[in-house]
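Residue strings, one per chain:
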Amino acid sequence: MKKIFLLFSIISISMITSGCNHYFKAEKINGNNDIYYGVFNTRDKNQADVKFYKKNSIIACDGIIVFSNYPVITDKNYKRIPGKMTLGCNDGTVMDVNWLVRRTDHTTGYGKGVDQYNNIYNFTSIGKYEFVKNIKNDYKFKDIDKTEKYLKY
Amino acid sequence: MKKLIIFSVLTILTTGIALKAFANDRPVLGNFETASKKLDLQDAGKNYDLKNYTPYLIAVMNRNPAPIMITANTGIVFVSSDGTVTPSESRRQFYLKNKKLLKNSNSMMSEYNLPLRFEPGKVYNIQVFAPAELANPVAVNITNVTFDKKRMCDINIPLNNVEEL
């Protein structure tokens, strides 16, 4: 009985502290089909680290997303929370993204992003299979705290 | 002996790469109107950790004919009267330290943000947190800012210019 309790406590703690990965996709509104794939892990409730990759290129970005806990019930989208994401890439671009995410689990959502060159990006959330299929071997999310960040501020 | 030489060369190179964002070889842009104000207890209140940081409110206006863009390498640097330069902490580290003040630090992350472009003729309000160890910073530099990607510049903002914003 004690061993079962130990096992259960260890597994539950590991699941709580690991967090969940949420995957998303972005399309740049261009003549070309520029598609990006990204992921963030909500270990903390309100803040998450983000990684972001462009398909078939060397470009990688990282940043932060912050959610607010105070939706106004009189708004139309009271079940969705606004979130703000800032990203910096290794070619110098900086993005500012406004998200609307479901309040309960932050899984499904959509967003709109702007570049410093005034390009527009459309963000949507996707499942894990689509992410892994498109970005197979570049996905390294584990050592995010140790790597150097692209966004300096 | 060989290992010592290799180790020292590698450390010098890595520190050079890390400090590249804060190096001072870039020209300083002109044609900026700025005003700054130090936030006290009455203004800041309970929202910020005043033991470890001192907040400043800065207003910046671009008088150049073209807009100025921010890159991923922009940093914020505090200059003291000696001439010593200290880079500021990132917002992520600030958030992790003030995590228990969840509502207030959250609002700081979502409201106050460097604008992507400094359009000409507009006033931008920027909030900056200097470490409390610095006694009296004289100026703030926003580094690695461009008209086009070819040449990087700095913006120098003096902090003693106290006016009504």
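Located above this text is the structure these notes cover.
Since the model is a prediction, treat every value here as computed from it, not as a measurement. (Residues numbered from 1 in each chain as written. Chains lettered and ligands numbered in written order. Predicted model: local features only at pLDDT ≥ 70, side-chain atom pairs only at ≥ 80, totals over all residues. Heavy atoms only, no water.)

Visitor: How should I be thinking about the overall build of chain B in this particular structure?
Guide: Tallying secondary structure elements over chain B gives four helices and eight strands in all. Across the 165 residues in chain B, those meeting the buried criterion constitute 43%. Of the contacts made within chain B by residues no fewer than 6 positions apart, 70% connect residues no fewer than 24 positions apart. Of the accessible surface of chain B, which amounts to about 9800 Å², a share of 56% is contributed by carbon and sulfur atoms. (Helix = DSSP H or I, 4+ residues; strand = E, 2+ residues; numbered from the N terminus. Buried < 20%, exposed > 50% of the residue type's maximum accessible area, 1.4 Å probe, protein only. Contact = heavy atoms within 4.5 Å. Areas by Shrake-Rupley, 256 points an atom, 1.4 Å probe, with all protein chains shown as cover.)

Visitor: Where do I start with the sheet that holds strand S1 (residues 32–38) of chain B in this structure?
Guide: Paired through their backbone hydrogen bonds, the strands of a sheet run either parallel or antiparallel. Residue and element names in this part refer to chain B. If you trace the three strands from one edge of the open sheet to the other, you get S1-S2-S6, paired in antiparallel fashion. At either end of the open sheet lies a strand with only one pairing partner, and these are S1 and strand S6 (123–131). Neighbouring strand axes in the sheet, compared pairwise and without regard to direction, differ in orientation by 25° on average. Bridge count for S1 against strand S2 (residues 53–62) is seven bridges, and the pairing is antiparallel. Across the sheet, the residue bridging to Lys37 is Leu57, located in S2. (Pairing = 2+ DSSP bridges. Axes fitted to C-alpha atoms, helices over the stretch in contact; angles between N-to-C directions.)

Visitor: Help me out: how do you make sense of the sheet that holds strand S2 (residues 34–41) of chain A in this one?
Guide: All names here are of chain A. With antiparallel pairing, eight strands are arranged side by side around a closed barrel as S1-S2-S3-S4-S5-S6-S7-S8. When strand polarity is set aside, the average angle formed by the axes of neighbouring strands in this sheet is 25°. Where strand S1 (residues 21–28) meets S2, eight bridges bridge the pair, whose relative direction is antiparallel. Within the sheet, the bridge partner assigned to Glu27 lies in S2 and is Ile35.

Visitor: Can you walk me through the pairing of strand S8 (residues 120–126) of chain A in this structure?
Guide: Within a regular strand, the side chains alternate between the two sheet faces. All names here are of chain A. Sheet topology places S1 next to S8; six bridges connect them, and they run antiparallel. For Glu27, the partnering residue across the bridge sits in S8 and is Asn122. Summarising the sheet, strand S7 (residues 109–115) and S8 pair through five bridges and their orientation is antiparallel. Paired with Gly113 across the two strands is Tyr121, which belongs to S8.

Visitor: How should the interface of chain A and chain B be read in this particular structure?
Guide: You'll often see interface size given as the accessible area lost when the parts meet. Facing the 30 residues of chain A at the interface are 22 residues of chain B. Together chain A and chain B conceal approximately 2400 Å² of surface at their shared face, both sides included; 56% is due to carbon and sulfur atoms. The three residues of chain A that bury the most area against chain B are Gln116(A), Lys152(A) and Tyr153(A), which together make up 31% of that side's buried surface. There are zero salt bridges connecting chain A and chain B. Along the contact surface separating chain A from chain B lie four residue pairs in polar contact (both at pLDDT 80 or more). For the side of chain A that touches chain B, the secondary structure elements donating two or more residues are strand S3 (47–54), strand S4 (60–67), strand S5 (80–89), strand S6 (94–102) and S7 of chain A. With four residues, the top contributor of residues to the side of chain A that touches chain B is S5(A). Across the side of chain A that touches chain B, the residue classes break down as eleven nonpolar, ten polar and nine charged. (Buried area = accessible area lost by both parts, 1.4 Å probe. Salt bridge = Lys/Arg side-chain N within 4 Å of Asp/Glu carboxyl O. Polar contact = N/O pair within 3.5 Å; in protein donor to acceptor, adjacent residues only side chain to side chain. Nonpolar A, V, L, I, M, F, W, Y, C, P; charged D, E, K, R; others polar.)

Visitor: Even after reading the chapter, I still don't get the packing of aromatic side chains, so can you show me in this structure?
Guide: Aromatic rings considered in pairs are described by the distance between their centres and by the relative angle of their planes. Residues and elements named next belong to chain A. Enumeration over the complete set of coordinates arrives at twelve aromatic pairs over all chains. Relative to Phe123, the ring of Phe24 lies with its centre 5.8 Å away and its plane at 40°, an arrangement referred to as tilted. With Phe24 in strand S1 and Phe123 in strand S8, this residue pair connects regions lying 99 residues apart in the sequence. Neither residue differs from the other here; Phe24 and Phe123 are each classed as buried. Between Tyr36 and Phe52, the aromatic rings sit 5.3 Å apart at their centres with planes inclined by 10°, giving stacked as the arrangement. You can see Tyr36 sitting in strand S2 and its partner Phe52 sitting in strand S3, a full 16 residues away along the chain. Both residues of the pair, Tyr36 and Phe52, belong to the buried class. Taken together, the ring pairs connect Phe24, Tyr36, Phe40, Phe52, Phe67, Trp99, Tyr121 and Phe123 into an aromatic cluster. (Phe/Tyr/Trp six-rings, centres within 6.5 Å; stacked < 30°, edge-to-face > 60°.)

Visitor: Looking at this structure, how should I read a nonpolar patch on the surface?
Guide: A grouping of Met1(B), Leu4(B) and Ile5(B) is seen on the molecular surface, where their side chains present a nonpolar patch of about 370 Å² in accessible area. Position of Ile5(B) relative to the elements: it lies in helix H1 (residues 2–18). (Patch = residues over 30% accessible without salt bridge, like charges linked within 9 Å, V, L, I, M, F, W, Y side chains within 5 Å.)

Visitor: What is the right way to look at the nonpolar core in this model?
Guide: The nonpolar side chains of a soluble globular protein tend to be buried, and buried together. If you look at the biggest cluster of nonpolar residues, it comprises 28 residues, and the most contacted ones within it are Val94(A), Ile58(B), Val60(B), Phe118(B), Ile126(B) and Ile155(B). Within the residue set of this core, elements represented by two or more residues are S2, strand S3 (68–80), S6, strand S7 (137–146) and strand S8 (153–158) of chain B. At five residues, S3(B) tops the list of elements feeding residues into this core. Leaving out residues up to four positions away in the same chain, Val60(B) has contacts with Phe32(B), Glu33(B), Thr34(B), Phe118(B), Lys122(B), Val123(B), Tyr124(B), Ile126(B) and Ile157(B). Ala48(A), Trp99(A), Val101(A) and Phe123(A) belong to the second-largest nonpolar core, a separate cluster that totals 20 residues. (Core = buried A, V, L, I, M, F, W, Y, C linked by side-chain atoms within 4.5 Å.)

Take it as geometry only, folks, not as evidence of what the structure does.
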